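# Observations on chain architecture
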Amino acid sequence: MSEEIWAALGATSLDEVRRRAAVIDAITEIAPVEVDGAERFAWNDSGGQSAVWYFTPDKHALLLTFDHESDLNLYAEEDYSVQEALYGGVPEHLVALVRNRPENYESLNLVDAATGAAIHYAGGVFWFDGERWAQAEGFLEHCRGEGLDPLSESGFTYCLGDYRFGEEFTPEAIVEDRTADDWYEDDAEREKALADIREIFARLG
């Protein structure tokens, strides 16, 4: 499933990826943020898992995933150099979007005790170079060294589930998924949620 979603992400235009990121950001009730001209959108499950997107004006993008139950949760290790290394191979103008920034719910900081430098925690590091998505070289190298599968251990499948890459992305599909997960107590609550999500889709195009 992870490889299928990775392929589906790669087959989706960046404009559509951004649209889905903006829609899910609004549904999740997270305020979008501008960081040095880039747009930040996010998702979290209120339980420690998250996906964070940055879209730059030059059509580059950065995607970070975090699964607090995986071996790629580096929070407990408190080793700045290990987390910094996961961003290896990503252009500096993208890494700068998560370096020395305020913490937020989706992205806590790991701080270098020697220098005071800070960088956002991430288990999975992915980026778009204007033509294709790639998994960060440092992220892949760390996974090879630890014997970890990058897509499964980074929470990629779970964290990107709501974006439905490779699947129909409509208010009805989203509410159907949530209904299957027992989000709603009754039909009235479900219909209200559907109306709210339809409004978000209409507003964000």
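Each remark here, short or long, concerns the structure printed above.
Residues numbered from 1 in each chain as written. Predicted model: local features only at pLDDT ≥ 70, side-chain atom pairs only at ≥ 80, totals over all residues. Heavy atoms only, no water.

A separate point is the packing of aromatic side chains. Inspection of the entire model under this criterion finds 13 aromatic pairs. For the ring pair Trp6 and Phe156, a centre distance of 5.7 Å and an interplane angle of 65° mean the geometry is edge-to-face. Pair noted here: Trp6 is in helix α1 (residues 2-10) and Phe156 is in helix α7 (residues 156-159), with a separation of 150 residues, a long-range link. Considered together, Trp6 and Phe156 belong to a single accessibility category, that of buried residues. Where Phe126 meets Phe156, the ring centres are 5.1 Å apart and the plane angle is 55°; that geometry is what we call tilted. One end of the pair, Phe126, is in strand β7 (residues 124-128); the other, Phe156, is in helix α7, and 30 residues separate them in sequence. Of the two residues, Phe126 and Phe156, both sit in the buried class. (Phe/Tyr/Trp six-rings, centres within 6.5 Å; stacked < 30°, edge-to-face > 60°. Helix = DSSP H or I, 4+ residues; strand = E, 2+ residues; numbered from the N terminus. Buried < 20%, exposed > 50% of the residue type's maximum accessible area, 1.4 Å probe, protein only.)

Moving on to the layout of surface pockets. Volume-wise, the largest pocket comes out at about 600 Å³. Lining the largest pocket we find 20 residues, and of these Ile27, Asp162, Ile174, Arg178 and Trp183 sit closest to its centre. Those elements that provide at least two residues to the lining of the largest pocket are α2 (14-27), β2 (38-44), α8 (171-180) and α9 (187-204). Here the element with the most residues in the lining of the largest pocket is α9; it accounts for four residues. Broken down by class, the residue content of the lining of the largest pocket amounts to nine nonpolar, three polar and eight charged. There is about 160 Å³ of room inside the second largest pocket. Around the second largest pocket, the lining residues are Val33, Val35, Arg40, Tyr54, Leu97, Arg101, Pro102, Glu103, Asn104 and His120. (1 Å grid on protein atoms, 1.4 Å probe; cavity = no way out; pocket = protein on both sides within 12 Å on 5 of 7 lines; lining within 4 Å. Points joined across faces, edges and corners; volume = space filled by probe spheres on them. Nonpolar A, V, L, I, M, F, W, Y, C, P; charged D, E, K, R; others polar.)

So, on to the packing of α2 against α9. Two elements in contact, α2 and α9, have axes separated by 10 Å at closest approach and are oriented at 140°. Overall, the two elements α2 and α9 adopt an arrangement that is oblique. At the point where α2 passes α9, the crossing takes the right-handed sense. Together, Arg19, Ala22, Val23, Ala26 and Ile27 of α2 and Ile197, Ile200, Phe201 and Leu204 of α9 make up the contact between the two elements. Partitioned by chemical class, the residues of the contact of α2 with α9 number eight nonpolar, no polar and one charged. (Axes fitted to C-alpha atoms, helices over the stretch in contact; angles between N-to-C directions. Parallel < 35°, antiparallel > 145°, perpendicular 65-115°, else oblique. Left-handed = near helix turned anticlockwise from the far one by under 90°. Contact = heavy atoms within 4.5 Å.)

Below, the discussion takes up the pattern of salt bridges. Per the stated rule, a full pass over the model turns up 14 salt bridges. A salt bridge links Arg40 to Glu106; its shortest N-O distance comes to 3.0 Å. Placement of Arg40 in strand β2 and of Glu106 in the loop between α4 (92-95) and β5 (109-111) is noted, with a sequence separation of 66 residues between them. On the accessibility criterion, Glu106 (9% relative accessible area) is buried. What emerges from the salt-bridge pattern is a single network uniting Glu16, Arg19 and Arg20. (Salt bridge = Lys/Arg side-chain N within 4 Å of Asp/Glu carboxyl O.)

The subject of this paragraph is a negative patch on the surface. A surface patch of like charges, here negative, comprises Glu185, Asp186, Asp187 and Glu189. Looking at where Asp187 falls in the secondary structure, it is placed in helix α9. (Patch = residues over 30% accessible without salt bridge, like charges linked within 9 Å, V, L, I, M, F, W, Y side chains within 5 Å. Areas by Shrake-Rupley, 256 points an atom, 1.4 Å probe, with all protein chains shown as cover. Lys, Arg positive; Asp, Glu negative; His and termini not counted. Charge placed at Lys NZ, Arg CZ, Asp CG, Glu CD.)

Another aspect to go through is the sheet that holds strand β8 (residues 133-135). Within a sheet, neighbouring strands are paired by backbone hydrogen bonds and run either parallel or antiparallel to one another. Spatial ordering of the open sheet is given by β1-β2-β3-β4-β7-β8, a layout of six strands whose pairing is antiparallel. This sheet does not close on itself; its edge strands, each paired only once, are β1 (33-35) and β8. With strand direction ignored, the average angle separating the axes of adjacent strands in the sheet is 25°. Both β2 and strand β3 (residues 50-55) contribute to a ladder of six bridges, which runs antiparallel. Along β3, the bridge assignment pairs Trp43 with Ala51. Sitting on the sheet, α1 touches β3, β4 (61-66), β7 and β8, and the angle it makes with β8 is about 140°. Across the face of the sheet, α2 comes into contact with β2, β3, β4, β7 and β8 while running at roughly 55° to β2. (Pairing = 2+ DSSP bridges.)

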